[in-house]
Amino acid sequence: MGDLVRLLGFGPTGWGASLLTGAAMTLAVSAAAYLVGLVLGALGAWGKVGGSASTRRVVDVYTTVFRGIPELLVIYLIYFGGSEALSSAGHLLGSTGFIGLNGFMAGTLAVGIIAGAYQTEALRGGFLAIPRGEIEAARAVGMGWFLMLRRVVGPRTLRFALPSMGNIWQQVLKESALISVTGLSELMRAVNIAGGSTRLPFDFAIAGFVLYLVLTTFSGGVLRSVEYSVARGERGR
Amino acid sequence: MTEPVIVASGLHKRFGANEVLRGVSLTAQQGEVVAIIGASGSGKSTLLRCIPLLEVPDEGEIVIGGEALAMVERRGRRVPADARQLGRMRSTLGFVFQSFNLWPHRTVLGNVIEAPVHVQGRPRAECVAEAEALLAKVGLADKRDAWPAELSGGQQQRAAIARALAMRPRALLFDEPTSALDPELVGEVLQVIHALADEGRTMLIVTHEMGFAAEVASRAIFLDAGVIAEEGPSRQIFAAPETERCRAFVRRHMERHGRR
Amino acid sequence: MDELDFLGNTLLQLLSGVPLTIELTVGSVAIGAVLALLLTLLRAGSRIGALFVSAFVFVFRGTPLLLQIFLIYYGLGQFAAIRASVFWPFLREPWCCAILSLALNTAAYESEILRGGFASVPAGAIEAGRACGMSRLLLLRRIILPLAIRQALPAYGNELIAMVKATSLASLITLMEVTGIAYAIISQTYRAIEVFLCAGIIYLALNFALTRGVAAMEAWLGPSVRRA
């Protein structure tokens with residue numbers, strides 16, 4: 001037992017710092033990926049809802065492909081393929097040698113592109129859930145397009161899309177573990193290294209479980225209170 | 001005198017702090033059509049549901065066809081004591097619900113033959129033949145292969161009535177059969193119920209349709225706040241009630257629903 | 001032409017991994033379904049059972065699948081007791097570890113799907129069954145289970161597709177299913193984009209087949225509660 005405390009602690013033989021740093025990195029890369037996903041999702045939803053038939057088809061291909069293909073493959077594509085593409089682009093511009101995407105960037109992009117596919121459907125669903133009358137009322141009052149977006153459509157889409165958006169966050173948090181294959185020092189990799197070096201993979205896996213559960217549970221709690229406050233007007237007396 | 005089909009005696013039923021039935025007794029003889037009327041919350045649905053023990057009364061006895069339903073006290077609550085007896089007894093009663101309660105995953109025919117085949121164990125071919133005859137009787141012969149979701153409310157309720165009849169019940173229990181229907185559809189269901197009454201079936205009907213009840217019932221029970229405030233031949237209850245409360249209730253509802 | 005040759009070759013090589021992908025998917029989903037059923041029964045059985053199931057679902061849905069695979073493949077080997085037991089020949093095989101961890105993971109999700117299915121059975125349909133004199137067993141068999149399964153089918157189909165994608169993680173514990181072969185080709189040829197294309201097509205085809213299969217099943221079962 002004392003051994004365990006020493007191992008997880010912050011002393012010279014302790015892995016506590018490494019695990020916590022890994023967890024922080026997990027949070028960072030997840031947040032970055034989620035943001036990328038949000039931007040792509042907003043663009044995708046806009047394309048699907050308001051775009052032409054060909055735009056809709058393009059977005060459909062995007063969502064079908066990136067929701068249907070394993071995340072690991074997408075990470076390989078961005079990490080190896082991205083480096084390949086960047087190096088070629090670099091060659092064209094006269095540089096020599098290899099330009100690589102580092103783990104953080106590749107991971108953020110890969111997980112972000114995948115999240116964007118799900119986010120597109122979430123935001124689209126959220127928008128379609130807005131009762132038509134609310135938008136009609138905004139138009140009747142004379143709101144311009146941009147004002148309507150800012151004051152009615154935006155907030156109401158978020159209100160309805162929030163549960164799905166929350167699920168996507170949890171999904172991104174867990175998917176970030178796959179970025180470990182690029183060598184990024186997030187939590188999964190920290191567990192891997194610690195477990196390997198100490199020959200105690202089980203103990204560190206449990207530690208990893210606990211830390212991930214802390215992250216997902218805390219996120220879940222925050223999401224629930226946001227969902228609660230966003231539905232403020234609808235709860236009745 | 002032949003044995004009554006249904007005897008309920010001294011029923012008490014409480015939901016939490018709310019005592020819904022406060023000592024109600026009811027008897028249904030063979031061939032009688034008994035209307036149970038009263039305001040919302042008076043306990044009429046609860047009374048009807050006690051008979052097949054869909055609600056278990058806290059006190060009181062239920063006797064069907066001379067056989068008492070066994071009940072026992074378990075962990076502070078009263079529950080049916082003999083599951084086999086209960087199943088057997090229930091399969092001799094046809095219950096028609098306010099919200100029809102057809103099984104969505106079976107066709108109309110499937111709904112009608114489900115209990116005869118699987119509860120009563122009768123041969124399928126015989127049940128199908130009888131089901132088709134019953135469906136024709138309620139005017140749904142052409143809907144035999146339709147799904148419940150495809151039917152209107154009135155059609156669903158008629159199918160539910162056919163389902164109840166398929167079990168060759170000794171009595172039919174109707175729990176506000178038309179309350180969930182659009183006004184235009186009420187008539188077709190009442191017509192079917194009327195025809196069944198004319199056949200001499202034993203029926204207990206909880207209903208708001210005063211005019212219909214007056215026409216079809218031989219006897220009526222007026223329930224008020226969990227007790228029977230008045231009961232008697234339908235001529236009395238609907239045309240010349242003896243108590244003031246009953247008089248006020250019948251008058252109010254006759255005005256609203258009018259005579260048919 | 002060289003490009004097309006490469007693509008053709010790659011596709012063929014990747015296709016050889018499809019049987020293993022399907023094996024892992026079917027195996028984990030089948031075992032997971034049985035586990036989910038057991039979990040559902042356990043949950044309904046007792047308070048402690050319900051607590052255990054909630055904890056199980058919480059842990060397996062709240063942590064990455066990769067970590068769960070790591071726990072089983074690497075973690076279990078830490079204990080001498082396990083290494084000496086009769087299970088060890090199985091537990092040290094990547095294939096068994098992959099199926100076990102995938103099954104545990106999907107069981108957590110599937111038990112929630114089942115729970116939703118059961119909750120969606122209309123109370124009226126159950127009451128009508130009781131009123132006809134159906135016994136508890138008959139009610140479960142003829143009314144509750146059929147309706148619960150019909151309602152759960154779409155969600156179950158999504159879980160199946162998620163499982164196909166999840167099998168790709170088996171490549172990280174040496175199994176050569178489609179993603180494992182894809183990685184091998186990429187690390188040799190560095191042509192990630194083409195390999196991604198071929199592997200992607202294979203996975204999309206698998207998903208398409210699955211989606212069609214589930215839709216056919218839904219149609220065959222007839223209408224469900226949702227459409228009523």
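Residues numbered from 1 in each chain as written. Chains lettered and ligands numbered in written order. Predicted model: local features only at pLDDT ≥ 70, side-chain atom pairs only at ≥ 80, totals over all residues. Heavy atoms only, no water.

**Side note on the overall build of chain C**
For chain C, the count of helices and strands is 11 helices and zero strands. N-terminal to C-terminal, the α/β element order of chain C is α-α-α-α-α-α-α-α-α-α-α. Each principal axis of the C-alpha distribution contributes one length, and for chain C these read about 70 × 50 × 25 Å. Across the 228 residues that make up chain C, the buried fraction comes to 53%. If you take every contact in chain C between residues at least 6 apart in sequence, the share linking residues at least 24 apart comes to 79%. Element-wise, carbon and sulfur atoms account for 71% of the exposed surface of chain C, whose accessible area totals about 10800 Å². When the 16 positive and 12 negative side-chain charges of chain C are each reduced to one mean point, those points stand 18 Å apart. (Helix = DSSP H or I, 4+ residues; strand = E, 2+ residues; numbered from the N terminus. Buried < 20%, exposed > 50% of the residue type's maximum accessible area, 1.4 Å probe, protein only. Contact = heavy atoms within 4.5 Å. Areas by Shrake-Rupley, 256 points an atom, 1.4 Å probe, with all protein chains shown as cover. Lys, Arg positive; Asp, Glu negative; His and termini not counted. Charge placed at Lys NZ, Arg CZ, Asp CG, Glu CD.)

**Topic: a nonpolar patch on the surface**
Residues and elements named next belong to chain A. There is a patch of nonpolar side chains on the surface, built from Val 39, Leu 43, Trp 46, Trp 145, Phe 146 and Leu 149 and spanning about 710 Å² of accessible area. Among the secondary structure elements, those contributing two or more residues to the nonpolar patch are α2 (16–50) and α7 (145–175). Here Leu 149 shows up in helix α7. (Patch = residues over 30% accessible without salt bridge, like charges linked within 9 Å, V, L, I, M, F, W, Y side chains within 5 Å. Salt bridge = Lys/Arg side-chain N within 4 Å of Asp/Glu carboxyl O.)

**Remarks on the interface of chain A and chain C**
With 38 residues of chain A in contact, the opposing surface of chain C contributes 36 residues. Buried surface at the junction of chain A and chain C, summed over both partners, amounts to about 3300 Å²; 80% is from carbon and sulfur atoms. Among the residues chain A hides against chain C, the three largest losses belong to A:Leu73, A:Phe202 and A:Phe209. Together they make up 19% of the total. Linking chain A with chain C are one salt bridge. Here A:Glu71 makes a salt bridge to C:Lys165, at a shortest N to O gap of 3.6 Å. The tally of links between chain A and chain C comes to eight residue pairs in polar contact (both at pLDDT 80 or more). Going through the elements one at a time, α3 (53–68), α4 (71–92), α8 (187–198) and α9 (201–230) of chain A are the ones with two or more residues in the side of chain A that touches chain C. Examining the composition of the side of chain A that touches chain C, we find that 11 residues originate from one element, α9(A), more than from any other. The residue inventory of the side of chain A that touches chain C, partitioned by class, reads 24 nonpolar, eight polar and six charged. (Buried area = accessible area lost by both parts, 1.4 Å probe. Polar contact = N/O pair within 3.5 Å; in protein donor to acceptor, adjacent residues only side chain to side chain. Nonpolar A, V, L, I, M, F, W, Y, C, P; charged D, E, K, R; others polar.)

**Examining the layout of surface pockets**
Residues and elements named next belong to chain C. Quantified by volume, the second largest pocket comes out at close to 1400 Å³. Lining the second largest pocket are 42 residues, and of these Arg 130, Ser 135, Arg 136, Leu 137 and Leu 139 sit closest to its centre. Take the lining of the second largest pocket: its biggest share by element is seven residues, from helix α9 (residues 136–166). Looking at side-chain class alone, the lining of the second largest pocket contains 20 nonpolar, seven polar and 15 charged residues. (1 Å grid on protein atoms, 1.4 Å probe; cavity = no way out; pocket = protein on both sides within 12 Å on 5 of 7 lines; lining within 4 Å. Points joined across faces, edges and corners; volume = space filled by probe spheres on them.)

**What about the interface of chain B and chain C?**
On the chain C side, the residues contacting the 22 residues of chain B number 22 residues. Buried surface at the junction of chain B and chain C, summed over both partners, amounts to about 1900 Å²; 64% is from carbon and sulfur atoms. Residue B:Arg49 is joined to C:Glu127 by a salt bridge in which the shortest nitrogen-to-oxygen separation is 2.6 Å. Joining chain B to chain C, the criterion identifies eight residue pairs in polar contact (both at pLDDT 80 or more). Among the elements of the structure, α2 (83–90), β8 (93–96) and α3 (108–118) of chain B are those that each provide at least two residues to the side of chain B that touches chain C. Sort the elements by how many residues they give to the side of chain B that touches chain C and α3(B) lands first, with three residues.

**Examining the pattern of salt bridges**
Should their charged atoms come close, side chains of opposite charge can pair. The tally for this structure, following the rule as stated, stands at 29 salt bridges over all chains. For B:Asp224, the salt bridge identified is with B:Arg245, shortest N-O distance 2.9 Å. Taken together, the positions of B:Asp224 in strand β11 (residues 219–224) and B:Arg245 in helix α9 (residues 244–257) put the pair 21 residues apart, joining distant regions of the chain. Classification of B:Arg245 by relative accessible area gives exposed; the value is 53%. The network of salt bridges with shared partners includes A:Lys48, A:Asp60, A:Glu121 and A:Arg124.

**Overview of the side chain of C:Arg150**
All names here are of chain C. Mapped onto the secondary structure, Arg 150 falls in helix α9. The side chain of Arg 150 sits in the buried core without any salt bridge; Glu 218 is the nearest counter-charge, 9.5 Å away. Looking at Arg 150, its side chain comes within polar contact range of the main-chain oxygen of Leu 221, at 2.8 Å.

**Thoughts on the packing of aromatic side chains**
All names here are of chain A. Going through the model one piece at a time under the given rule, you end up with 16 aromatic pairs over all chains. Between Tyr 34 and Trp 169 the ring centres are 5.6 Å apart and the planes differ by 85 degrees, which places this aromatic pair in the edge-to-face class. Separated by 135 residues along the polypeptide, Tyr 34 in helix α2 and Trp 169 in helix α7 bring together distant segments of the chain. Of the two residues examined, Tyr 34 and Trp 169, each falls in the buried class. (Phe/Tyr/Trp six-rings, centres within 6.5 Å; stacked < 30°, edge-to-face > 60°.)

**Things to note about unusual backbone geometry**
Residues and elements named next belong to chain B. A positive phi angle is found at Arg 168, which is not glycine, with a value near 50 degrees. Structurally, Arg 168 is set in the loop between α5 (153–165) and β9 (171–175). Owing to a relative accessible area of 48%, Arg 168 belongs among the partly exposed residues under this scheme. Phi angles above zero are rare outside glycine, and Glu 176 is one such case at about 45 degrees. Residue position: Glu 176 is located in the loop between β9 and α6 (183–198). Under the relative-accessibility criterion, Glu 176 is labelled buried at 10%.

**Regarding the sheet that holds strand β1 (residues 6–15) of chain B**
Residues and elements named next belong to chain B. Pairing within the open sheet is antiparallel, and its four strands lie in the order β2-β1-β4-β5. Edge positions in the open sheet fall to β2 (18–28) and β5 (67–68), since each of these has one partner strand only. Where β1 lies against β2, eight bridges are found, and the strand directions are antiparallel. Each bridged residue has a counterpart across the sheet, and for Ala 8 the counterpart in β2 is Leu 26. (Pairing = 2+ DSSP bridges.)

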